[in-house]
Each structure stands twice: as structure tokens, then as C-alpha cells.
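# What the coordinates show
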Amino acid sequence: MTSPITPAVRAELAPTGKLRVGLNYGNFLLVLKDSASGEPQGIAPDLACELGRRVGVPVEFVRFDQAGKMAHAVTTGVWDVAFLAAEPARADVIAFTAAYLEIEATYLVPAGSPIRTIADVDRPGVRIAVANKAAYDLYLSRTLKHAELVRAEGIDGSYELFVAQKLDVLSGLKPRLLMDVETLPGARILDGRFTAIQQGIGTPKARAAAAAYLSAFVEEAKSAGLVAQAIARHGVRGVNVAPAAFAR
């Protein structure tokens, strides 16, 4: 079991008396549509509710439509913990746990494309549609040397931009691309992946006691099967429980 809640941990996790949890509604793999009660459902809300139960405080969900907006909001103090990808570009203001979940990211190309492999994508003249400030946008921004990223707001926006401007490549999470490929005759998803998005839990950087507790919570959630059970309960495909931190 995770360590007992100390006054210092509770004060950092719930300074208002509630655990304010940031959720990215743009990630349909982790956050599903609201239930009849108006509460969000999915893997991230399930884990948040379990965390709130252990801390002994009510959970209040703070909703965002993009991960980038949620990450930026850490400076405003509107959330105490947030479920988002652990990215070096955000680590100066957010303390991340190890990943509890991994999501493959890859590319889709249109019918007739000469691009056959992931290695073929990073070439001069290749234009890639990407969701602005998504974790895979941050990754591609660091690693691509020749191809051009063309950004749109949100996952739906990147798909619409890819189609409207007849771009060369659509980047995205593999589970979403498996849906998109069905709508584009002749389109193909390239084999393999260019990265795996590491979904973790973050808290403001200064909250060291909270960060330590969250790290222990994530490791227990993986080892005790809580993450696997949430994946199965919501029927989410294309995601995997992340390995234990000591095995990484």
C-alpha cells in the first residue's frame, strides 16, 4: 500500500480541502464522455477517484480540451494534480510520476503516398499535420530534422487540416489513427511507432511531498492491477500498462 497520508501530503494535494484534478477531454482514451450524472468517466477519472479516496477528500474535476492548455494552467493554481503525458518541456514547472500508461504514436499517409516507413517521413518537403502542443508534437519538435510540422488545435483539428490541405502525413495516437484510416479510402498507417506517449500524473513542481506520494501511488496502481482493471472496465484498446519504474 502507498504510505499513510501525512498532514504535509494532504496539505499539498488538497490545499482547498478538495483534490482538484485536471483532465484532458481531448484524450478520448483516458477521458470518456460524461455520465448521466455529469461526471467524467474513463481510466483517468477512475484513478483520480481512487486517489481522492485515499487522501480522504472529495474530488473536483477541472476540465480542459487540450493537454497543452492544461499544462500551461499549472501556473494559475487551478489544479492540484493532472493526468497528462510526462514531457521534458513541462518538467520545469510540473513534477511528474513515472508513467502508468503507454500509448503508441505513429503516422498515417494518404492513398498513393510514396512514404513507406517511419524513417521515410523525416525528409525535406514532407509536411506533417499535428495537434498543437500534444505530447507527440513536443516529441516531434525535438527530434525531426527535415520534415515540417503543420499545427492545428486539437486532434480533430489536425485530421481536418491533413485532409483540407492535402498534407503528406498525419501524426497521432495509434488508436485514433485506426479510426481515421477507416474514413480515408486507400490511406495507410505506417508500421511501428515514432514514440510511446508516457501518461503520468503531475503536480506543481514545488509540492515535493505530494510528488513523492503520487509516485508511490502510481507504482501501486500498476502492480495491484488498478490500471489494468480500468483499461478493461472501459474497453479501451491500443494502450498498455506501463512497466514498473524500477524496470524502465
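Given the structure is predicted, the values throughout are model-derived calculations rather than measurements.

## Some thoughts on the environment of Leu178
- As for its placement among the helices and strands, Leu178 is situated in helix α6 (residues 174-180).
- Taking relative accessible area as the criterion, Leu178 reaches 46% and is therefore assigned partly exposed.
- It is 9.4 Å that separates the C-alpha atoms of Leu178 and Gly238, two residues lying 60 residues apart in sequence.

## So, the pattern of salt bridges
- Per the counting criterion, the structure on display carries 16 salt bridges.
- With its nearest N and O atoms 3.1 Å apart, the salt bridge here joins Arg151 to Asp137. With Arg151 in strand β7 (residues 148-152) and Asp137 in helix α4 (residues 135-143), this pair connects stretches of sequence that are 14 residues apart.
- Using a relative accessible area of 2% as the deciding quantity, one classes Asp137 as buried.
- Between Asp156 and Arg176 there is a salt bridge whose closest N-O contact spans 2.8 Å. With Asp156 in helix α5 (residues 154-164) and Arg176 in helix α6, this pair connects stretches of sequence that are 20 residues apart.
- Exposure remark for Asp156: the relative accessible area of 46% places this residue in the partly exposed category.
- Residue classification places Arg176 among the buried positions, given a relative accessible area of 13%.

## Section: the side chain of Gln199
- Take Gln199: it is sitting in strand β10 (residues 195-204).
- At 3.4 Å, the side chain of Gln199 forms a polar contact with the backbone nitrogen of Ala85.
- Setting aside residues no more than four positions away along its own chain, Gln199 makes contact with Asn27, Leu30, Leu84, Ala85, Ala99, Tyr100, Leu101 and Ile103.

Calculation notes
Residues numbered from 1 in each chain as written. Predicted model: local features only at pLDDT ≥ 70, side-chain atom pairs only at ≥ 80, totals over all residues. Heavy atoms only, no water. Helix = DSSP H or I, 4+ residues; strand = E, 2+ residues; numbered from the N terminus. Buried < 20%, exposed > 50% of the residue type's maximum accessible area, 1.4 Å probe, protein only. Salt bridge = Lys/Arg side-chain N within 4 Å of Asp/Glu carboxyl O. Polar contact = N/O pair within 3.5 Å; in protein donor to acceptor, adjacent residues only side chain to side chain. Contact = heavy atoms within 4.5 Å.

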